[in-house]
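Commentary on secondary and tertiary structure
In case you want the letters, here they are:
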Amino acid sequence: MIEVRPRSLVPDTNCFVDYLADIESIARAHPLYQLMVPIVVINELEGLSKGIKPGTAAATAANATAAGVITSKLTSSVSVFPTAAAAKASSVDRRFDPLHAEKVAAASKQALDFIRKKNPALKCVTTKGSILNTSTFTAEDGDDVQMSNDDRILKTALNLCREHAEEKRGEVRYIIRDVVLLTTDRNLRVKALSNDLPVRELPDFIKWAGLGSA
């Protein structure tokens, strides 16, 4: 049995790209909630913010790499600033669309600006669960290059709750968690649940908490 007392919220990269207004709503609710941002999320936002500049010599060379990053972070069900034309296009074509890449880059830059405002509601945290005083340094010592970024986000959240109480009540295993992972990624949610880590999609959490984007 898991008792969830939401306090520390760990958003993944898509939360910042697609739901920045909701992230800001959570920040305004501080100190009720504390945003704990994995440094791998900051690194991903840095990469996405560079985007693809159509019409430049670098666009062709960068297209495969940049589009690959966007593909890995934006699922077919997610569309940043969707338009009627984009809704008709296939998800794969939209990901490789330079205009879409520009919109993702703009959203990522806005997210980075928010992170760098030194808001007390937001703290940057390493994969080991150590809290940083700045978002400037985003490299980790002893980083496992074989680990996926999603697994780094998961490990960050798990390390934040490593000191949580766990006990046996009769035959029932009782766990208290105040860390919640926020993600719309299905595979990441499954991994979190298999590790007894509370996880919610950000829009669902906003609705549950009674927070608004206004």
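Details of the structure are given in the entry above.
We now turn to the structure provided with this report. Model, not experiment: these values are computed from the prediction.

Grouped together as the largest cluster of nonpolar side chains are 46 residues, with contacts concentrated most on F16, I26 and I115. If we ignore the near neighbours within four places in the chain, the residues touching F16 are P11, I23, V37, V41, L45, A107, A111, F114 and I115.

Before going further, it helps to spend a moment on the pattern of salt bridges. Taken as a whole and judged by the stated rule, the model has five salt bridges. Close ionic contact of R5 with E3 constitutes a salt bridge, the shortest N to O distance being 2.7 Å. For R5, a relative accessible area of 44% translates into the label partly exposed. A salt bridge links D151 to K191; the nearest nitrogen and oxygen atoms lie 2.8 Å apart. Taken as a pair, D151 in helix α8 (residues 149-160) and K191 in helix α9 (residues 186-194) lie far apart in primary sequence, 40 residues in all. Looking at D151, the relative accessible area reads 25%, which means it is partly exposed.

A word on unusual backbone geometry. The omega angle of the peptide bond from H30 to P31 is 15 degrees, so this bond is cis rather than trans. Within the fold, P31 resides in the loop between α2 (20-28) and β2 (34-38). A positive phi angle, close to 60 degrees, is found at K118, a residue other than glycine. For K118, the position within the fold is in the loop between α7 (98-115) and β3 (122-125).

Moving on to the pairing of strand β6 (residues 172-182). As paired strands, strand β1 (residues 2-11) and β6 are joined by seven bridges and run parallel to one another. Counted as the bridge partner of P11 is L182 from β6. The loop that links strand β5 (residues 166-169) with its antiparallel partner β6 comprises two residues; one of these, G170, has a positive phi angle of about 70 degrees. Relative to strand β7 (residues 199-200), β6 runs parallel, the two sharing two bridges. Paired with L181 across the bridge in β7 is V199.

Along the polypeptide, S108 turns up in helix α7. Setting aside anything within four residues of it in sequence, one finds S108 in contact with V17, L45, L48 and S49.

A word on the packing of helix α3 (residues 39-50) against α7. Axis separation between α3 and α7 bottoms out at 7 Å; the angle between their running directions is 140 degrees. With respect to their mutual orientation, α3 and α7 come out oblique. Like other packed secondary-structure pairs, α3 and α7 cross with a definite hand, here left-handed. Across from I42, L45, E46, L48 and S49 in α3, the residues of α7 making contact are V104, A105, S108, K109, A111, L112 and I115. Split into classes, the residues belonging to the contact of α3 with α7 amount to eight nonpolar, two polar and two charged.

Conventions and cut-offs
- Residues numbered from 1 in each chain as written.
- Predicted model: local features only at pLDDT ≥ 70, side-chain atom pairs only at ≥ 80, totals over all residues.
- Heavy atoms only, no water.
- Core = buried A, V, L, I, M, F, W, Y, C linked by side-chain atoms within 4.5 Å.
- Buried < 20%, exposed > 50% of the residue type's maximum accessible area, 1.4 Å probe, protein only.
- Contact = heavy atoms within 4.5 Å.
- Salt bridge = Lys/Arg side-chain N within 4 Å of Asp/Glu carboxyl O.
- Helix = DSSP H or I, 4+ residues; strand = E, 2+ residues; numbered from the N terminus.
- Pairing = 2+ DSSP bridges.
- Axes fitted to C-alpha atoms, helices over the stretch in contact; angles between N-to-C directions.
- Parallel < 35°, antiparallel > 145°, perpendicular 65-115°, else oblique.
- Left-handed = near helix turned anticlockwise from the far one by under 90°.
- Nonpolar A, V, L, I, M, F, W, Y, C, P; charged D, E, K, R; others polar.

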